[in-house]
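# Tertiary structure, described
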Amino acid sequence: MAEKTIETFEVKRLEILDDEGNADKALMPSLTAGGIRNIYEGMLLARAFDERALSLQREGRLGTYASIRGQEAAQVASALAAEKSDWIFPSFRETGVHIAAGYPVHQLFQYWSGDERGMRCPDDLNVFPVCIPVSTHLPHAVGAAIAMKLKKQKSAAIVYFGDGATSKGDFHEAFNMAGVFRAPVVFICQNNQWAISVPLSRQTAAKTLAQKALAYGFSGIQADGNDAFAVYRAASEALYKAREGGGPSFIECQTYRISDHTTADDSSRYRPAGEVEYWKAKDPLKRLKSYMEKEGLLTEDYQKQLEGKNERTLDEAFREMERIGPPPPSEMFAYTFRQPSRRQEIEMRSFADGGG
Amino acid sequence: MAAVNMVAALNMALRQEMEANPSVLVLGEDVGVNGGVFRVTEGLLEKFGGERVMDTPLSESGIVGAAIGMAAYGFLPVAEIQFMGFIYGAFEQLASHASRLRARSRGRFSCPLVVRTPYGAGIKAIELHSESTEAMFAHIPGLKVVVPSGPASAKGLLASAIRDPDPVLFLEPTRLYRMIREEVPEEPYTIPIGRARMAKKGRDLTVISWGSMLHRALKAAENYDADVIDLQSLKPWDEEAVMASVKKTGRAVIVQEAPKTCGFASEVAAAIAEEAIAWLRAPIMRVAAYDVALPLPRLEDFYIPKTVRIRNTIDEALKY
């Protein structure tokens with residue numbers, strides 16, 4: 001008889017780009033100058049969309065909106081690591097993912113204005129509709145990933161969620177199933193430290209979220225979530241591993257929700273201003289911009305051009321949403337089933353007759 | 001054509017649909033090596049292999065949630081939840097996702113998923129193996145609910161459920177699994193979802209039931225000149241067949257195994273009251289279980305509506 005250690009684990013954290021914009025060359029992912037600009041442009045548009053959405057909401061022209069401010073690197077850099085054939089499963093705070101995936105911007109305005117048609121993903125993209133109940137979409141990504149494996153396709157599913165999601169049952173069931181079936185899925189947690197007013201310390205007693213993957217039989221890594229290069233590298237490696245038959249991975253992107261939970265929230269009620277200021281100094285866009293300036297990838301002209309282009313993109317997208325207008329009331333009856341039931345047909349006729 | 005029980009009929013439907021369409025998958029707890037705890041999936045693993053017949057972790061939400069992802073990706077998954085009493089872990093997946101995916105994505109993604117689960121009382125099982133909470137699911141827009149009452153209808157309805165482009169909850173009355181043997185055609189066939197079956201024809205009253213209770217309803221109505229309607233589908237349900245019969249007979253007795261309050265009989269009764277009250281000669285009557293937690297086996301027989309209760313209700317309706 002003996003008592004011995006039968007398993008040991010370690011959890012790695014990946015940091016490549018520091019707050020001043022200096023990158024660790026040895027750890028840099030393979031990215032061309034164009035690839036880096038692509039990430040930056042996506043992050044800049046994501047932030048511009050976010051700012052525009054917040055101001056439109058204040059003017060009463062959009063409904064409740066969940067800001068992504070501070071999470072642009074975690075979203076854009078990871079989504080840009082995906083291929084078009086990969087399937088993306090977003091939560092409700094994923095504007096940067098949508099933008100990086102090439103989702104039509106006017107449809108994002110449509111969705112946040114309260115029009116379901118905004119979630120009608122274009123045929124050439126594979127972005128699942130926004131998932132409101134926290135963590136319940138993780139099993140969908142696992143199922144799609146198992147399906148990809150059954151079809152022998154070299155694709156992966158990539159699913160986004162927050163730190164709050166790691167406390168829920170579906171997180172466990174999805175992670176567990178992904179491990180058992182070696183499903184080609186990449187779990188990306190944006191640990192933004194807050195689930196509305198509840199801090200990470202009330203979600204877990206574990207030192208990291210990344211380590212949770214180990215209990216399910218696959219790897220978990222923590223990345224500096226405000227570091228576009230660390231996120232891109234971690235996501236690229238995990239996606240490559242998934243497509244090559246290596247099974248699931250978990251990436252904890254440590255980041256911070258700079259804004260309120262949604263436009264219906266007031267975070268000054270529950271968190272110290274100093275904490276927000278601390279994280280503002282770690283702004284993912286500022287870091288990447290400093291790097292690009294140092295490397296000669298960004299000039300003032302280019303920056304101005306981008307800002308102007310983004311303003312035009314957003315103006316046009318919002319105009320397009322307004323041009324399309326609200327959905328016709330009959331739209332509510334569409335798509336419950338492929339064929340409406342007899343009762344629905346009666347309801348539709350009564351509605352069309354003005355019976356209400 | 002051979003006389004088989006419901007387990008064999010369901011197995012035949014699964015086997016034939018899997019043979020006909022390589023997209024059909026089976027997943028759930030114990031469905032593979034063990035062939036399902038009631039043996040409905042027996043032999044499927046051997047015939048179709050582990051990629052199409054998947055033993056999963058003990059994970060109701062994971063099973064249904066993953067099946068949603070598979071369905072959206074183009075497969076036709078048939079997920080098994082071992083007993084309906086354990087389905088609540090997957091309730092959110094059905095109520096918040098499977099039933100809404102088509103609407104939420106405006107038709108870009110759909111969920112051609114079947115969730116099969118044994119349900120209902122009468123097999124003297126331990127706690128939470130006997131409830132019938134079909135009404136909770138029939139209430140959800142975007143989810144179909146089907147209940148066969150015998151081997152032949154089980155085979156045809158399951159084939160329809162698997163071919164249906166939308167999610168279907170397929171409830172298999174455990175009491176009937178091995179109770180009845182019936183001639184079931186060998187070749188594949190379907191019974192349309194949303195259509196009732198006239199189990200017995202008559203003129204004086206209409207008895208409406210589904211699943212296991214249909215057999216007690218038939219027994220109770222044996223010596224009466226009654227229409228006995230087997231609803232087969234609860235969502236959508238065949239209002240036309242029920243209204244036509246009730247307008248003819250002027251009396252309606254609805255029999256369900258579930259507790260009375262907010263059961264599916266209430267939906268049927270309300271619709272009859274709305275559409276056919278002018279033809280009624282007697283109050284609409286419901287025979288249901290009591291509004292109590294389903295008792296353990298020693299009291300189970302007192303809980304399930306007995307044939308005599310149904311017969312007394314029929315007599316009551318005929319007094320008017």
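This part is about the overall build of chain A. When helices and strands are counted, chain A shows eleven helices and eight strands. Compactness check: chain A gives a C-alpha radius of gyration of 21 Å against a globular reference of 21 Å for 356 residues, within 12% of the reference. By its C-alpha atoms, chain A is 80 × 60 × 45 Å across when sized along the principal axes. Taking all 356 residues of chain A together, the buried fraction comes to 47%. Relative to all contacts within chain A whose residues are 6 or more apart in sequence, the contacts with residues 24 or more apart total 77%.

It is worth spelling out the domain arrangement of chain B at this point. Residues and elements named next belong to chain B. Along its sequence, chain B is carved into domain 1 (2–184) and domain 2 (197–318). Across the contact, 25 residues belong to domain 1 and 21 residues belong to domain 2. Elements with a minimum of two residues in the side of domain 1 that touches domain 2: helix H6 (134–138), strand E6 (144–146), helix H7 (151–163) and strand E7 (168–173). Of the residues belonging to the side of domain 1 that touches domain 2, the class tally is twelve nonpolar, seven polar and six charged.

Turning our eyes to something else, we now look at the pairing of E7 of chain B. Where a strand is regular, its side chains alternate between the two sheet faces. Residue and element names in this part refer to chain B. Counting buried residues in E7 gives six out of six residues, a clear majority hidden from the surface. Residues Val168, Phe170 and Glu172 of E7 are buried on one face, and the alternating residues Leu169, Leu171 and Pro173, pointing to the opposite face, are buried as well. Relative to E7, strand E5 (residues 114–119) is paired through six bridges, and the arrangement is parallel. Following the sheet pairing, Arg116 is matched in E7 by Phe170. Across three bridges, E6 lies against E7 in parallel orientation. When the bridges of E7 are listed, Lys144 appears paired with Val168.

Another aspect to go through is the environment of Ala72 of chain B. For Ala72 of chain B, the location among the structural elements is in helix H3 (residues 60–72). On the neighbour-count criterion, Ala72 of chain B (27 C-beta atoms within 10 Å) is buried. Taking the C-alpha atoms as reference points, Ala72 of chain B and Ile314 of chain B, 242 residues apart in sequence, are found 47 Å from one another. Leave out the neighbours within four places in its chain, and Ala72 of chain B touches His140 and Ala144 of chain A together with Leu101, Phe109 and Cys111 of chain B.

Time to look at the environment of Met43 of chain A. Residue and element names in this part refer to chain A. Take Met43: it is sitting in helix H1 (residues 33–58). Taking the number of C-beta atoms within 10 Å as the measure of exposure, Met43 has 25 and is therefore buried. The spatial distance from the C-alpha of Met43 to the C-alpha of Val76 is 5.9 Å, given a sequence separation of 33 residues. Beyond its immediate stretch of four places on either side in the chain, Met43 contacts Glu72, Ala73, Val76, Gly96, Ala228, Pro284, Leu285 and Leu288.

Looking now at the interface of chain B and chain A. Opposite the 35 residues of chain B that make contact, chain A presents 33 residues. For the side of chain B that touches chain A, the secondary-structure elements that each account for two or more residues are H3, helix H4 (91–98) and helix H5 (101–104) of chain B. No other element matches H3 of chain B, which puts nine residues into the side of chain B that touches chain A. Across the side of chain B that touches chain A, the residue classes break down as 13 nonpolar, 14 polar and eight charged.

Here is what the cut-offs are and how they apply
- Residues numbered from 1 in each chain as written.
- Chains lettered and ligands numbered in written order.
- Predicted model: local features only at pLDDT ≥ 70, side-chain atom pairs only at ≥ 80, totals over all residues.
- Helix = DSSP H or I, 4+ residues; strand = E, 2+ residues; numbered from the N terminus.
- Rg over C-alpha atoms; globule rule 2.2 N^0.38 Å.
- Buried ≥ 20, exposed ≤ 12 C-beta atoms within 10 Å, placed from the backbone.
- Contact = placed C-beta atoms within 7 Å.
- Domains from an automatic or database assignment.
- Nonpolar A, V, L, I, M, F, W, Y, C, P; charged D, E, K, R; others polar.
- Pairing = 2+ DSSP bridges.

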